[in-house]
Amino acid sequence: QVQLMQSGGGLVQAGDSLRLSCATSGRAFIKSNVAWFRHAPGKEREFVAVVSWTGSTRYADSVKGRFTISREDAKNTVYLQMNNLSPEDTAVYHCAAGGNFAVPTARAFTHWGQGTQVTVSS
């Protein structure tokens, strides 16, 4: 069984950085894709980033150059490093395992973290 637990959200000012973590209870997702999605009030859920089990990464255009997704398999953890945050990044962020690397749609992911709030003030 795959269980995902998130941490690292919070309230920051524009230009600041945060790192989100998505930890698993074991190595069950070692060969799965892990993605980050975000959902702001009144907006559609959107894809943020995905890392394959081989380490390949893909990003939404809105976060390229600012966000970095990585995985540390020895700790069963995937990270999302978010730099130069702006108010437009304010949302609830979820990690998810499974899915498809090439076309990372939310409905293709089978296991989801509980979500964490990221709020960026101007």
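Refer to the structure printed above.
The residue numbers shown here count from 1 along each chain, following its written sequence. Local features in this predicted model are restricted to residues whose pLDDT is 70 or higher, and side-chain atom pairs enter the listing and the counts only when it is 80 or higher, whereas totals over whole chains, interfaces and linings include all residues. Only hydrogens and water are set aside when side-chain values are computed; all heavy atoms of the structure are taken into account.

Draft legend 1. Quick peek at the overall build of the protein chain. Each helix and strand counted, the protein chain has zero helices and 11 strands in total. The linear arrangement of helices and strands in the protein chain, starting from the amino end, is β-β-β-β-β-β-β-β-β-β-β. We compute the radius of gyration from the C-alpha atoms alone; for a globule the expected value is 2.2 Å times N to the 0.38, where N is the number of residues. Taken against the 2.2 N^0.38 rule, which gives 14 Å for 122 residues, the C-alpha radius of gyration of the protein chain at 13 Å falls within 12% of a compact globule. Seen along its three principal axes, the alpha-carbon backbone of the protein chain occupies a region of about 40 × 25 × 25 Å. Partly exposed residues are those whose accessible area sits between 20% and 50% of the maximum for their type, while under 20% is buried and over 50% is exposed, using a 1.4 Å probe and protein chains only. In the protein chain, buried positions account for 44% of the 122 residues. Surface accessibility of the protein chain: about 6,400 Å² in total, with carbon and sulfur atoms responsible for 48%. The protein chain carries 12 positive and 8 negative side-chain charges, and their two centres are separated by 8 Å. Where helices and strands are cited, they refer to DSSP runs of H or I of at least four residues and of E of at least two residues respectively, numbered from the N terminus. Residue exposure ignores everything except the shown protein chains as possible cover, and the areas themselves are Shrake-Rupley values with a 1.4 Å probe. Charged residues are defined narrowly, with Lys and Arg counted positive, Asp and Glu counted negative, and His plus the chain ends left uncounted. By convention, the charge on Lys lies at NZ, on Arg at CZ, on Asp at CG and on Glu at CD.

Draft legend 2. Representation of the packing of aromatic side chains. Aromatic rings from Phe, Tyr and Trp, taking only the six-membered ring of Trp, are treated as a pair when their centres fall within 6.5 Å; an angle between ring planes under 30 degrees marks them as stacked, one over 60 as edge-to-face, and anything in between as tilted. Evaluation of the coordinates by the stated rule reveals three aromatic pairs. Between Phe-37 and Phe-47 the ring centres are 6.0 Å apart and the planes differ by 70 degrees, which places this aromatic pair in the edge-to-face class. Of the two residues, Phe-37 is situated in strand β4 (residues 33–39) and Phe-47 in strand β5 (residues 46–51); the sequence distance between them amounts to 10 residues. Each member of the pair, Phe-37 as well as Phe-47, carries the same accessibility label: buried. When the ring of Phe-37 is compared with that of Phe-109, the centres are 5.4 Å apart and the planes differ by 75 degrees; the resulting orientation is edge-to-face. With a gap of 72 residues between them, Phe-37 in strand β4 and Phe-109 in strand β10 (residues 109–112) connect regions that are remote in the sequence.

Draft legend 3. Fine view of unusual backbone geometry. Non-glycine residue Asn-76 carries a positive phi angle of around 55 degrees. The phi angle at Asn-84 is positive, at roughly 50 degrees, despite the residue not being glycine. Structurally, Asn-84 can be placed in the loop between β8 (77–82) and β9 (91–98).

Draft legend 4. Representation of the side chain of Thr-77 within the structure. With respect to the secondary-structure elements, Thr-77 resides in strand β8. Between N or O atoms, a polar contact is any pair within 3.5 Å; within protein, one atom must be a potential hydrogen donor and the other a potential acceptor, and residues adjacent in sequence are included only when both atoms are from side chains. Among the polar contacts listed, one links the side chain of Thr-77 to the backbone oxygen of Lys-75, at a separation of 2.8 Å.

Draft legend 5. How the structure looks around the nonpolar core. Residue types Ala, Val, Leu, Ile, Met, Phe, Trp, Tyr and Cys, when buried and joined through side-chain atoms within 4.5 Å, form a set referred to as a nonpolar core. Grouped together as the largest cluster of nonpolar side chains are 34 residues, with contacts concentrated most on Trp-36, Val-48, Phe-67, Ile-69, Leu-80, Met-82 and Tyr-93. Setting aside its immediate chain neighbours within four residues, Val-48 contacts Trp-36, Phe-37, Arg-38, Arg-58, Tyr-59, Ala-60, Val-63, Phe-67, Leu-80 and Tyr-93. For this analysis, residues touch if any pair of their heavy atoms sits within 4.5 Å.

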